[in-house]
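Each chain is listed here by its residues.
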Amino acid sequence: MSPSEPWFGGKSVIVTGAGSGIGRAAARRFAQEGARVCVADLQSTAAQSVAREIVASGGDAFAITADVAQEADNLEMVNETVQRYGALDAVFLNAGFGGWAMNPLEGDLAEFDRIMAINLRGCYLGVRSAMRVMASGGAIVVTASAGGLVGVRSNPAYAASKHAVVGLVRSFAPTLAERGVRINALCPGGVRTPMVGIATEDLDVAPDALPMVRYGERAHPAHMAEVALFLASSRSAGVNGAAMLADGAQTSVLAPPTALRTST
Ligand SMILES: NC(=O)c1ccc[n+]([C@@H]2O[C@H](COP(=O)([O-])OP(=O)(O)OC[C@H]3O[C@@H](n4cnc5c(N)ncnc54)[C@H](O)[C@@H]3O)[C@@H](O)[C@H]2O)c1
């Protein structure tokens, strides 16, 4: 690949949770870099709208309605991509659920089950389904979280699901490597997306114009898209089984609880 060639020219990529936020930004960037994109989301209209955006900009994409927690949906997503594009080169398993409204001590356990089904079971199924068809040279990127590396006081279930996702990535890496496939986790800190109650903003930020994420700021979804593209491309050939933190140093220093600061 010469520096002037598109990163994903002629390659096919699945992005889950591609109807919104980080997934939408990534699906658009994959397409800009020449990928043919399967835009997968639980919400049909959102998936269709992102696929239309890509096609309207001259890219190649199709939408699929898929619940990542269901094995049949994962298999359909993979099979449909291979049928249309002839192969599956990269997968960005990004769909996730926050469950932020859950009270950790008293909340409904159905919310816990939903968090685990989408975030953990969804990734497990996504990897297994992709590996049915992915050839040597393929790459899988999974969206974990900075909350997959440190705890989240307000949301233990979410943090546990993302820790488990990091565990999946690390554990799958040697097995997938035997088949020439890499798998890495992207661990965002706060990102300005609907998941955290922030409306989608203009995504047309040129990659070279993205500002540094300052300490304490939430990133733009496009910041995360660039890291996902890097991890999915052969430029990260030396990276495997990694949990790549992209949190603007949010978790880099201790923030001691008030009680420790004041007791005398
Ligand atoms: N926004 C943040 O601050 C932040 C921080 C760390 C990690 N993350 C992770 O980033 C990923 C993307 O989140 P986002 O912030 O872009 O949120 P978002 O809400 O903007 O997008 C999530 C998308 O996932 C889809 N989705 C939800 N459940 C699904 C399912 N069962 N099957 C298929 N699609 C499903 C939703 O319909 C939505 O389009 C998630 O895994 C999330 O946990 C987000």
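Below is a short write-up of the structure. These numbers were taken from a predicted model, which means no experiment stands behind them.

What counts, and at which threshold
Numbers given for residues are sequential positions, taken from 1 along each chain in its written order. pLDDT decides what is reported in this predicted model: residues at 70 or higher carry local features, side-chain atom pairs at 80 or more are listed and counted, and totals for whole chains, interfaces and linings draw on all residues regardless. Only heavy atoms go into the side-chain values, all of them from the structure, while hydrogens and water stay out. Comment: elements are numbered from the N terminus, with helices defined as DSSP H or I runs of at least four residues and strands as E runs of at least two. One less than the number of residues in a helix, times 1.5 Å, gives the span that helix is expected to have. Residue burial is assigned from relative accessible area. The probe radius is 1.4 Å, only protein chains are included, and a residue is buried under 20% of its type maximum, exposed over 50%, and partly exposed in between. By arc we mean the arc of the directions from the helix axis to the C-beta atoms, nothing more. Contacts between residues were defined by any pair of non-hydrogen atoms, one from each residue, lying within 4.5 Å. A molecule or strand has a residue near it when one of that residue's heavy atoms lies within 4 Å. Side-chain atoms alone can form a polar contact between residues adjacent in sequence; in general such a contact is a pair of N or O atoms within 3.5 Å, and within protein one must be able to donate a hydrogen while the other accepts it. For the area figures, the Shrake-Rupley method with a 1.4 Å probe applies, and any residue is considered shielded solely by the protein chains shown. In this classification, the charged set is Asp, Glu, Lys and Arg, the nonpolar set is Ala, Val, Leu, Ile, Met, Phe, Trp, Tyr, Cys and Pro, and all remaining amino acids, among them Gly, are polar. We call a set of buried residues a nonpolar core when its members are Ala, Val, Leu, Ile, Met, Phe, Trp, Tyr or Cys and they connect through side-chain atoms within 4.5 Å of each other. The bend reported for a residue corresponds to the angle between axes fitted to the seven residues ending at that residue and the seven starting there. Lines fitted to C-alpha atoms define the axes, with helix axes restricted to the stretch in contact, and inter-axis angles between N-to-C directions lie between 0 and 180 degrees. Geometric relationships in this document are graded by angle, where less than 35 degrees denotes roughly parallel, more than 145 denotes roughly antiparallel, 65 to 115 denotes roughly perpendicular, and other angles denote oblique. By definition, turning the near helix anticlockwise from the far helix through less than a right angle yields a left-handed crossing, and turning it clockwise yields a right-handed one. At least two DSSP bridges between two strands are needed for those strands to be called paired. When the strands point away from the viewer, a crossover counts as right-handed if the route from the first strand across the helix to the second turns clockwise.

1. Quick notes on helix α2 (residues 44-56)
For step 1, the next point in the chain: With 13 residues, α2 should cover 18 Å at 1.5 Å per step; its first-to-last C-alpha distance of 18 Å lies within 8% of that length.
For step 2, the next point in the chain: Among all positions in α2, only A46, A47, V50, A51 and I54 are buried. Considered in projection along α2, the buried side chains sweep an arc of 130° and stay on one side of the axis. Seen from the buried face of α2, the exposed residues on the opposite side, beyond 90 degrees, are T45, R52 and A56.
For step 3, the next point in the chain: The secondary structure elements touched by the buried residues of α2 are α1 (21-32), β2 (36-41) and β3 (60-65).
For step 4, the next point in the chain: Backbone geometry just downstream of α2 places G58 in the positive-phi region, at approximately 95°.

2. A few points about the site of the ligand
For step 1, the next point in the chain: Neighbouring the ligand are 28 residues; S20, D41, Y158, V191 and T193 lie closest to it.
For step 2, the next point in the chain: Contact between the ligand and S20: an oxygen atom at 2.6 Å from a side-chain N or O atom of the residue.
For step 3, the next point in the chain: At 3.2 Å from a nitrogen atom of the ligand is found a main-chain nitrogen or oxygen belonging to L42.
For step 4, the next point in the chain: Protein coverage of the free-state accessible area of the ligand, which is 830 Å², stands at 94%.
For step 5, the next point in the chain: Mapped onto the shell around the ligand, the elements with two or more residues apiece are α1 and α5 (156-177).
For step 6, the next point in the chain: Looking at the shell around the ligand residue by residue, the class counts come to 13 nonpolar, 12 polar and 3 charged.

3. Observations concerning the side chain of S145
For step 1, the next point in the chain: Its location among the elements puts S145 in the loop between β5 (139-143) and α5.
For step 2, the next point in the chain: What makes S145 buried here is its relative accessible area of 8%.
For step 3, the next point in the chain: A polar side-chain atom of S145 sits 2.8 Å from the main-chain amide nitrogen of G147.
For step 4, the next point in the chain: Every residue in contact with S145, bar those within four places of it in the chain, is listed here: Y158, K162, L186, C187 and P188.

4. Here's the deal with unusual backbone geometry
For step 1, the next point in the chain: A positive phi angle, close to 70°, is found at A249, a residue other than glycine.
For step 2, the next point in the chain: If you trace the backbone, A249 turns up in the loop between β7 (243-246) and α7 (258-262).

5. A few points about the nonpolar core
For step 1, the next point in the chain: F8, V15, F30, V37, V39, F92 and L186 are the most contacted members of the largest nonpolar core, which totals 36 residues.
For step 2, the next point in the chain: Contact partners of F8, with chain neighbours within four places excluded, come to V13, F30, E33, G34, A35, L229, A232 and S233.
For step 3, the next point in the chain: Core analysis: the second largest hydrophobic core is formed by 31 residues, F62, L93, M131 and I140 among them.

6. Some details on helix α4 (residues 109-131)
For step 1, the next point in the chain: Taking 1.5 Å of rise per residue, 23 residues should cover 33 Å, and α4 covers 32 Å from first to last C-alpha, within 8% of that figure.
For step 2, the next point in the chain: Considering bend angle alone, the principal kink of α4 is centred on G122 and spans about 35°.
For step 3, the next point in the chain: All buried positions along α4 are accounted for by I115, M116, I118, N119, G122, C123, L125, G126, V127, S129, A130 and M131.
For step 4, the next point in the chain: In this structure D108 caps α4, since a side-chain oxygen of it lies 2.9 Å from the backbone nitrogen of A110.

7. Regarding the packing of α4 against α5
For step 1, the next point in the chain: Between α4 and α5, the least distance of the axes is 9 Å, while the angle of their chain directions is 15°. As summarised for this structure, α4 and α5 are arranged roughly parallel, according to the angle between their axes. As α4 runs across α5, the sense of the crossing is right-handed. Between α4 and α5, the contacting residues are F112, I115, M116, N119, L120, C123, Y124, V127 and M131 on the first element and A157, Y158, A160, S161, K162, A164, V165, L168, F172 and L176 on the second.
For step 2, the next point in the chain: Taken together, the residues that form the contact of α4 with α5 break down as 16 nonpolar, 2 polar and 1 charged.

8. Brief notes about the pairing of β7
For step 1, the next point in the chain: For strand β6 (residues 182-188) and β7, the ladder comprises 4 bridges, and the chain directions are parallel. Note on β7: the bridge partner recorded for C187 is L245.
For step 2, the next point in the chain: Traced from β6 through helix α6 (residues 221-232) to β7, the parallel crossover comes out left-handed.

9. Some details on the sheet that holds β5
For step 1, the next point in the chain: With respect to topology, 7 strands assemble into an open sheet ordered β3-β2-β1-β4-β5-β6-β7, the strand pairing being parallel. Two strands lie at the open edges of the sheet, namely β3 and β7, each paired on one side alone. Direction aside, neighbouring strands of the sheet carry axes that sit 20° apart on average.
For step 2, the next point in the chain: Across the sheet, helix α3 (residues 71-85) touches β1 (12-16), β2 and β3, and the angle it forms with β3 is around 155°.
For step 3, the next point in the chain: Contacting β4 (90-93), β5, β6 and β7, α6 crosses the sheet at an angle of about 165° to β6.

None of the figures reported here should be taken as evidence of function without further support.
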